[in-house]
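Residue-level structural notes
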Amino acid sequence: MASRNVGLLVGRCLRFVPKQTQQWKYLSTAHSLNSKQLQTEVQDGVGIITFNQPNSPVNTLNKAMDAEMDEALTTIYQNPAVKSVVLASAKPGCFIAGADINMISDCKTAQETEQLSIDGQKLLAMIEKSSKPTVAAIMGSCFGGGLEVALAAHYRIAVNNSKTNLGLPEVQLGLLPGAGGTQRLPKIVSVPNALDMALTGKNIKPVKAKKMGLIDATVEPLGPGLKPADVRTLEYLREVAITTAKGLAAGTVKKQPRKRNMVDKITDMMLQYSQGRDYVFNKAKSTVMKATKGKYPAPLEIIKVIRTGIEKGPDVGYAAESKGFGELRMTNESKSLIGLFHGSTAAKKNKFGNPKNEYKTLSVLGAGLMGAGIVQVSIDKGYKVLMKDMNSAGLARGQDQIYKGLNTAVKKRKITSFERDRTMSNVDATLTYDGFKDCDMVIEAVFEDIKIKHAVIQEVEKHIPEHCIFASNTSALPITEIAKASKRPENVIGMHYFSPVDKMPLLEIIATDKTSAEAKAAAVAVGLKQGKTIIVVKDGPGFYTTRILAPTLAEAIRCLQEGVGPKSLDKITKDFGFPVGTATLIDEVGVDVAAHVAEDLGKAFGVRHAGADVGVLKDMVSAGLLGRKANKGCFVYTPGAKDRVENEEALKIFKQYSVAPKAENTPEHVAMRLVSRFTNEAVMCLQDGILANAADGDVGAVFGLGFPPFLGGPFRFVDHYGADKLVDLMHRNRDMYGDQFLPCQLLLDVAKSGDKFHK
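Presented here is an overview of the structure given in this document. This is a predicted model, so every value here is computed, not measured. (Residues numbered from 1 in each chain as written. Predicted model: local features only at pLDDT ≥ 70, side-chain atom pairs only at ≥ 80, totals over all residues. Heavy atoms only, no water.)

**Overview of the overall build of the protein**
Our working definition: Helix and strand definitions follow DSSP, with helices as H or I runs of at least four residues and strands as E runs of at least two, each counted in order from the N terminus. Both definitions apply: the radius of gyration is a C-alpha atom measure, and the globule rule equals 2.2 Å times residues to the power 0.38. Categorising residues by exposure relies on relative accessible area from a 1.4 Å probe, with only protein chains included: less than 20% of the type maximum marks a residue as buried, more than 50% marks it as exposed, and the intermediate range marks it as partly exposed. By definition, residues are in contact when any of their heavy atoms lie within 4.5 Å.
Within the protein one finds 30 helices and 22 strands. In terms of overall dimensions, the protein is globule-like: its C-alpha atoms have a radius of gyration of 28 Å, near the 27 Å expected for 759 residues. Burial status across the protein gives 57% buried among its 759 residues. Expressed as a percentage of contacts within the protein between residues at least 6 apart in sequence, the contacts between residues at least 24 apart total 74%.

**Details of the packing of helix α20 (residues 545-561) against helix α22 (residues 582-589)**
We count it as follows: For helices, the fitted axis covers only the stretch in contact; all axes are lines through C-alpha atoms, and the angles between them, taken along N-to-C directions, range from 0 to 180 degrees. We call two directions roughly parallel when the angle between them is under 35 degrees, roughly antiparallel when it is over 145, roughly perpendicular when it lies between 65 and 115, and oblique otherwise. Helix crossings are classified by the rotation of the near helix relative to the far one: an anticlockwise turn of less than a right angle makes the crossing left-handed, while a clockwise turn makes it right-handed.
Two elements in contact, α20 and α22, have axes separated by 10 Å at closest approach and are oriented at 120 degrees. Taken as axis vectors, α20 and α22 run oblique relative to one another. Crossing handedness for the pair α20 and α22: left-handed. The segment α20 lies against α22, with L549, L553, A556 and I557 engaging T582, L585 and I586.

**So, the sheet that holds strand β9 (residues 141-143)**
For clarity, the cut-off: Two strands are counted as paired when DSSP detects at least two bridges linking them.
With parallel pairing, three strands are arranged side by side in an open sheet as β6-β9-β11. Two strands in the sheet have a free side with no partner beyond their single neighbour: β6 (94-96) and β11 (165-167). Neighbouring strand axes in the sheet, compared pairwise and without regard to direction, differ in orientation by 15 degrees on average. Across three bridges, the pairing between β9 and β11 is parallel.

**As for the packing of aromatic side chains**
As a reminder, the rule being used: The pairing test for Phe, Tyr and Trp rings, Trp by its six-membered ring, is centres within 6.5 Å, and the orientation test on the planes gives stacked under 30 degrees, edge-to-face over 60, and tilted for anything in between. Here, a charge over a ring means that NZ of Lys or CZ of Arg falls within 6 Å of the ring centre while also lying within 35 degrees of the ring normal.
Enumeration according to the criterion identifies 11 aromatic pairs in this entry. A centroid spacing of 5.9 Å and a plane angle of 90 degrees characterise the contact between F51 and F95, whose relative ring orientation is edge-to-face. Placement of F51 in strand β3 (residues 46-51) and of F95 in strand β6 is noted, with a sequence separation of 44 residues between them. Relative accessible area serves as the criterion here: at 0%, F95 is assigned to the buried category. An aromatic cluster is defined as three or more aromatic residues linked by ring pairs; in this entry it consists of F576, F578, F678, F707, F717 and Y721. Against the face of Y433 rests K388, its NZ or CZ located 4.7 Å from the ring centre. When the ring centre of F741 is taken as reference, the NZ or CZ atom of R677 above it lies at 5.7 Å.

**Section: the state of the cysteines**
For the record, the criterion: The definition used for a disulfide is geometric: two cysteine sulfur atoms within 2.5 Å.
Tallied over the entire structure, the rule returns zero disulfides. Distance from the sulfur of C142, which forms no disulfide, to the nearest cysteine sulfur (C94) is 8.3 Å.

**Digging into helix α6 (residues 191-200)**
Heads up, the rule is: Each polar contact in these results corresponds to two N or O atoms within 3.5 Å; when the atoms are within protein, one needs to be able to donate a hydrogen and the other to accept it, and residues that are neighboring in sequence are counted only if both atoms are side-chain atoms.
Every buried residue belonging to α6 is among V191, A194, L195, M197, A198 and L199, and all of these are buried. On its buried face, α6 sits against α4 (145-152), β11, α5 (181-189), α7 (206-212), α10 (274-292) and α11 (297-312). You can read the cap of α6 off the contacts: a side-chain oxygen lies 3.4 Å from the backbone nitrogen of N193, and it is on S190. At the exit of α6 stands G201, carrying a positive phi of roughly 70 degrees.

**Brief notes about the packing of α4 against α5**
Rules: Just so you know the grouping, Ala, Val, Leu, Ile, Met, Phe, Trp, Tyr, Cys and Pro go in nonpolar, Asp, Glu, Lys and Arg go in charged, and all remaining residues, Gly too, go in polar.
Between α4 and α5, the least distance of the axes is 10 Å, while the angle of their chain directions is 55 degrees. Considered as vectors, α4 and α5 are oriented oblique to each other. Of the two possible hands of crossing, α4 and α5 adopt the one that is left-handed. Counted together, E148, L151 and A152 of α4 and G181, R184, L185 and I188 of α5 form the full contact between these two elements. When grouped by side-chain class, the residues that make up the contact of α4 with α5 number four nonpolar, one polar and two charged.

**Comments concerning the sheet that holds strand β15 (residues 427-430)**
Taken together, the eight strands give an open sheet; going across it, the order is β15-β14-β13-β16-β17-β18-β19-β20, and neighbouring strands pair in mixed fashion. Looking at strand neighbours, the two that pair on one side only are β15 and β20 (533-538), the edges of this open sheet. Averaged over all pairs of adjacent strands, the angle between strand axes in this sheet comes to 25 degrees, irrespective of strand direction. Pairing between strand β16 (residues 441-444) and strand β17 (residues 469-472): four bridges, direction parallel. The residue bridging M441 from the neighbouring strand is I469, located in β17. Here helix α14 (residues 369-379) sits on the sheet and contacts β13 (361-365), β14 (384-388), β15, β16 and β18 (492-497); the angle it forms with β14, its principal contact strand, is near 170 degrees.

**Focus on the pairing of strand β8 (residues 134-138)**
Most of β8 sits out of view: five of its five residues are buried. Burial of β8 is two-sided: the residues T134, A136 and I138 facing one way and the residues V135 and A137 facing the other way are all buried. In terms of strand pairing, strand β5 (residues 84-89) meets β8 through three bridges, oriented parallel. By the bridge assignment for β8, V86 is matched with V135. Sheet topology places β8 next to strand β10 (residues 155-159); four bridges connect them, and they run parallel. The residue bridging A137 from the neighbouring strand is I157, located in β10.

**Thoughts on helix α21 (residues 566-576)**
Which entries qualify depends on this criterion: An arc is given here, and it is the one of the directions from the helix axis to the C-beta atoms.
By the burial criterion, the buried members of α21 are P566, L569, D570, I572, T573 and F576. Down the axis of α21, the smallest arc covering the buried residues is 165 degrees, so these residues share one side. Positive backbone phi, approximately 135 degrees, marks G577, located one or two places after α21.

**Considering the pattern of salt bridges**
Here is the rule: By convention in these notes, a salt bridge is any Lys or Arg side-chain nitrogen within 4 Å of a carboxyl oxygen on Asp or Glu.
Summed over all chains, the structure comprises 37 salt bridges. Put simply, K227 and E235 hold a salt bridge, and the shortest N to O gap is 2.6 Å. Taking relative accessible area as the criterion, K227 reaches 40% and is therefore assigned partly exposed. Put simply, E459 and K462 hold a salt bridge, and the shortest N to O gap is 3.5 Å. According to the relative accessible area criterion, K462 is exposed, its value standing at 62%. Members of the salt-bridge network, linked through shared partners, are E555, R558, E562, R673 and R677.

**As for a nonpolar patch on the surface**
Defined as follows: Patch membership is restricted to residues that have no salt bridge and whose relative accessible area is over 30%. Joining uses 9 Å for like charges and 5 Å for the nonpolar side chains Val, Leu, Ile, Met, Phe, Trp and Tyr. A 1.4 Å probe and the Shrake-Rupley method give the accessible areas. Residues count as covered only by the protein chains that appear here.
On the surface, a nonpolar cluster with roughly 450 Å² of combined accessible area is contributed by M262, I266, M269 and Y273. Taking relative accessible area as the criterion, I266 reaches 40% and is therefore assigned partly exposed.

**Examining the pairing of β10**
By the criterion of burial, β10 is predominantly enclosed, with five of the five residues buried. Burial along β10 is two-sided: the residues Y155, I157 and V159 and R156 and A158 are all buried. The sheet contact formed by β10 and strand β12 (residues 217-219) spans three bridges and is parallel. Considered in β12, the bridge of I157 is made with A217.

Printed below as a string of structure tokens:
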């Protein structure tokens, strides 16, 4: 299972304020304009604009900020006492994080959205075209519209620390940079680097940013003193920026041109000719098509707009950017991705409030792949963790996995070797329950068997304090059943992580009718600190994610029985938009796990989870075809080999259980068989009260199971595809295949009323 995360967003709604109304502000040299979103002052000939959005840890470009920024810039640039300008933030963790997405969402037409872009371009042109040197002082997040503000400045200085990142993540919301980013960035960092940044939305660290030419200078962070380290560093950055601005105005500081290596020089020369531009941009387009299969319009539009500016000049380029921004906003893909942004933002908040107790020490039972993964995402967030296993070999394997994960971060220069070693010191590997008396939460990651779970919880409760929360990392067993073995069922909760834990963002928390408010608040608090995107669901067989995956895999097995080969099935589902093919997914999940879940959920839900013969999976298990972990499942996995071949042993089993196709298995027909069952079960979970709302269902499906992000999740997919159209398709499939395609009542109701899950 894999998923690509959804990032920050940008956009702006900026307008000019009449310049003549600002004359009176020249009379003051300090705090000449004090407003709600920013402050301005003049210090020794340097005009300083400080962004400081109230009651928020970050600065965003909302309507109030935009208007005040327009007014402040007009005032500063018209003030004859001002020789240069500094743009800074009062927040150590953020320069400007982007724009208020609601400002974009409120636009009802492409023209209205296009105007946001035009207004933003006009405002930032005021910075770029000013004769007074303007310095952007960057510390913390500088994304989207924030980076576009910095790009308009004449000089950029950034703090060289782990929290300072620069990027243009608009593409992750189905948009393009709309305030001049597509036109300024290629001139500043080179066309290939601009394409890479705009097409991926990746974060750029300060050292790399300086090497690219994205920033002009870095400052090193200061340590703590009379004030906290981040406050001292922010003050130091401000001082350096003011000194630099003075030097630029006086001519004693010169902006150095970007250093170009041989590749840069050859590329620049190629871009002077149409054939060279064809090569560069066609290569970028080819890479995008390979990665997205054309499912995302934003990357292709970004390539087009950047090329337009290079070939036809900035005026045409800016116009193309604004037009593209407006048109992309109206696409279903952008609406879906923005919807996911809202959903994931809500999923990063604790709706149960802060827990009453403080949770500092965790213990994880089981040092296998999941257990070690849970330990890793806990210790690198500051938790002290006891990792218990049954034998020394298991502990050693778990410790090795954690070390390798952290060491990979060192190799990628995300952390230092000292930070790696310090983080490793937070884990205490043990074979005993010594120390469990001080644990605040126990997370078990043992084998998926109810008897084993019961034995574990009974044993653990002999050694933990009464306030300690017991969380089970089960993927399908009802938490209510697990809690029956507990003396304190109110402290038992489910915390379903996804593998690999350090990469998969979702955490599915499962609460029973007896789970206390404290246990729910604690589980969410721990998950949020671990960096997870969280959905909280009601208890039931398979919860939400496993429950909706099970009928999908059942339909996949049925397709294999009908003669659709594993490679063909993978291609069909990947072409639809899933990041992992369904046959590969079966191997990744584990054929034994899939068989176990299919049997258990088949008993719980009957015909709705039917369609395939579970004997296929059982025979594969008997033959040792357990999937990737056994190097053979639907495919044969040869260590070191990139290509996989279909497993002849598996093909023989599929043939033994073969059934005649009821219709021609075209790619569209097969894809919709799988997707309709996935979606129907998701809607059924909302109907049954497993889900609190449709947004949680979309977040869980995308971030946990890899449902195509451009479709927004199963509920937004129904909204765009049409509930009535989906119901008609399912009725036709029901006539051919059986009652597993029976639409649930809520889906029928939505189809009949014409309503939507997302209003």
